[in-house]
Amino acid sequence: MSWSTFHCENPDFTVRSLIDGTTFEVSRSAMQGSEVFNDMFACCDPTTPSSKEALDLQETSGELAALLRLLHDPPLPPAQIPLENKFDPIRYDPASVIPLPLLLTLLFGLADKYSLQDSLTDALRVHLIAHAPAHPLEVYSFATLHGLERIASEASQYVQPMASYRFMDIKAIPNVVAYHKLVRLQDFRVKALRDLLLAEDIFPHGYGECASHREKTMAIWDRQRKALVGRIESVTDIAGEMDTLTGTLSDCKTCHKACIAAVEMLGYKCKRVPRRLDQLPPVA
């Protein structure tokens, strides 16, 4: 879909840009998807032939084209990609997602300015969420600034460690409270992942232990996790990091099986660690 052009098949009204004089033939009924236009039409003289009316708006032709597309052809939510398991976050088909710059710099502003229908703004919000995995800090910052707490929370799970961002990137976060929330989430995750890693044994309570290599295998596992624990960040896949040992222990079926089981259990537990702001326990 091109947001810079607009055409109406059965127009009965005219809208004109006061900035550049461009006119658009539109459908009056479609325009009533805006509370602003709906109220305006309600105040108009119903005996006046609508085809002779024109509405001047202080928008550029490009802005009007985008607004009229929103009203005449409201965007559907983006298409979801099927989940592989219940722990995976929802993903969307990139081809069905409205570009992020267009959402942030134009469409949300128009939807707010002209009080567009809730169903339309809800769809725009889903498009915004769809950008969170690739642009988490931008989505988080915009959502926080505009009071979209659910979207901000959704985006928070994808934010990289704060120290990895440039100062110019961090400046997009609207206030110190929003910044602190991310720091608290990441600190909580790092501590929780460290605790899980240090508590997970390759032979828990002696289960599945190898009589021939018990001490050696436990030492290898312990050495690997102690080397990893100091490098854990909020986005670290500690199960994936520990999984490298399965190749090292492949010579012994018992040790290899125990390692696979321990890594899988570690992965399961890690998926239950809060990833989003709304999953954090309340501050005491």
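What you see is a predicted model; the values in this text were computed from it and never measured.

Cut-offs used in this document
Residues numbered from 1 in each chain as written. Predicted model: local features only at pLDDT ≥ 70, side-chain atom pairs only at ≥ 80, totals over all residues. Heavy atoms only, no water. Helix = DSSP H or I, 4+ residues; strand = E, 2+ residues; numbered from the N terminus. Rg over C-alpha atoms; globule rule 2.2 N^0.38 Å. Buried < 20%, exposed > 50% of the residue type's maximum accessible area, 1.4 Å probe, protein only. Axes fitted to C-alpha atoms, helices over the stretch in contact; angles between N-to-C directions. Parallel < 35°, antiparallel > 145°, perpendicular 65-115°, else oblique. Left-handed = near helix turned anticlockwise from the far one by under 90°. Contact = heavy atoms within 4.5 Å. Core = buried A, V, L, I, M, F, W, Y, C linked by side-chain atoms within 4.5 Å.

Trainee: Would you mind showing me how to read the overall build of the chain here?
Mentor: Counting its regular elements, the chain contains 13 helices and 5 strands. In terms of overall dimensions, the chain is more spread out than a globule: its C-alpha atoms have a radius of gyration of 27 Å, far above the 19 Å expected for 284 residues. C-alpha atoms of the chain, sized along the principal axes, occupy 95 × 35 × 30 Å. Counting every position in the chain, which comprises 284 residues, the buried fraction comes to 42%.

Trainee: Which parts of the structure should I look at to understand the packing of helix H5 (residues 118–130) against helix H7 (residues 149–156)?
Mentor: How two helices sit against one another is set out by the angle between their axes and by the gap between those axes. Direction vectors running N to C along H5 and H7 enclose 15°, while the axes themselves pass 10 Å from each other. Classified by the interaxial angle, the pair formed by H5 and H7 is roughly parallel. Two packed elements cross with a definite hand, and for H5 against H7 that hand is right-handed. Residues Arg-125, Leu-128 and Ile-129 of H5 lie in contact with H7, whose contacting residues are Arg-150, Ile-151 and Glu-154.

Trainee: Please clarify how the nonpolar core should be interpreted in this entry.
Mentor: In summary, soluble globular proteins display a tendency toward joint burial of nonpolar side chains. Core analysis: the biggest nonpolar cluster contains 59 residues, and Phe-37, Leu-107 and Leu-124 have the highest contact counts within it. At 8 residues, the largest contribution of residues to this core is made by helix H4 (residues 100–113). Sequence-distant contacts of Leu-107, that is, excluding residues within four places in its chain, are made with Trp-3, Ala-66, Leu-70, Ile-98, Leu-102 and Leu-124. Grouped together as the second largest cluster of nonpolar side chains are 26 residues, Leu-193, Val-229, Leu-245 and Leu-266 included.

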